[in-house]
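Architecture at a glance
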Amino acid sequence: MRVLLMGVVGLVAGFLVGLVVDQVVGVVSVLAFDRPVGIRGLPIVLALVFCAGGLVLGSRSRSS
């Protein structure tokens with residue numbers, strides 16, 4: 001149950017972090033280049049990465 005919870009928390013946290021990072025990149029690119037530049041799919045990719053990390057940490061803490 002704990003591993004599943006860590007995976008869901010990783011998905012949500014990764015998606016939110018991806019949205020924030022994407023917005024920061026957009027703002028910086030507008031200030032630097034006078035046009036918006038974004039990283040397409042960044043929230044989804046970070047959500048999957050954070051989910052995998054959460055699953056690894058959840059299973060690691062359970063086996064110790």
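Further up the page is the structure itself.
All of the points below concern the structure found in this document. What you see is a predicted model; the values in this text were computed from it and never measured.

1. Some details on a nonpolar patch on the surface
On the surface, a cluster of nonpolar side chains totalling about 980 Å² of accessible area is made up of Met1, Leu4, Val8, Leu11, Val12, Phe15, Leu16, Leu19, Ile44 and Leu48. Listed by contribution, the elements that provide at least two residues to the nonpolar patch are helix H1 (2–33) and helix H2 (42–63). With seven residues, the single largest contributor to the nonpolar patch is H1. Take Leu16: it is sitting in helix H1.

2. Thoughts on the environment of Gly54
As for its placement among the helices and strands, Gly54 is situated in helix H2. Using a relative accessible area of 8% as the deciding quantity, one classes Gly54 as buried. Expressed as a C-alpha distance, the spacing of Gly54 and Phe15, which sit 39 residues apart in the sequence, is 13 Å.

3. Details of the side chain of Asp22
If you trace the backbone, Asp22 turns up in helix H1. Buried within the structure, Asp22 lacks any salt-bridge partner; Arg40 is the closest side chain of opposite charge, at an N-O distance of 9.4 Å. Look past the residues within four positions of Asp22 in its chain and what remains in contact with it is Gly38, Ile39 and Leu42.

4. A look at the side chain of Ser29
Assignment of secondary structure puts Ser29 in helix H1. The exposure class of Ser29 is buried, given its relative accessible area of 5%. Here Gly26 takes part through its backbone oxygen, which lies 2.8 Å from a polar atom of the side chain of Ser29. At 2.9 Å, the side chain of Ser29 and the backbone nitrogen of Val37 are in polar contact.

5. Quick word on the environment of Gly53
Looking at where Gly53 falls in the secondary structure, it is placed in helix H2. Distance in space between the C-alpha atoms of Gly53 and Leu42 is 16 Å, their sequence separation being eleven residues.

What counts, and at which threshold
Residues numbered from 1 in each chain as written. Predicted model: local features only at pLDDT ≥ 70, side-chain atom pairs only at ≥ 80, totals over all residues. Heavy atoms only, no water. Patch = residues over 30% accessible without salt bridge, like charges linked within 9 Å, V, L, I, M, F, W, Y side chains within 5 Å. Areas by Shrake-Rupley, 256 points an atom, 1.4 Å probe, with all protein chains shown as cover. Salt bridge = Lys/Arg side-chain N within 4 Å of Asp/Glu carboxyl O. Helix = DSSP H or I, 4+ residues; strand = E, 2+ residues; numbered from the N terminus. Buried < 20%, exposed > 50% of the residue type's maximum accessible area, 1.4 Å probe, protein only. Lys, Arg positive; Asp, Glu negative; His and termini not counted. Contact = heavy atoms within 4.5 Å. Polar contact = N/O pair within 3.5 Å; in protein donor to acceptor, adjacent residues only side chain to side chain.

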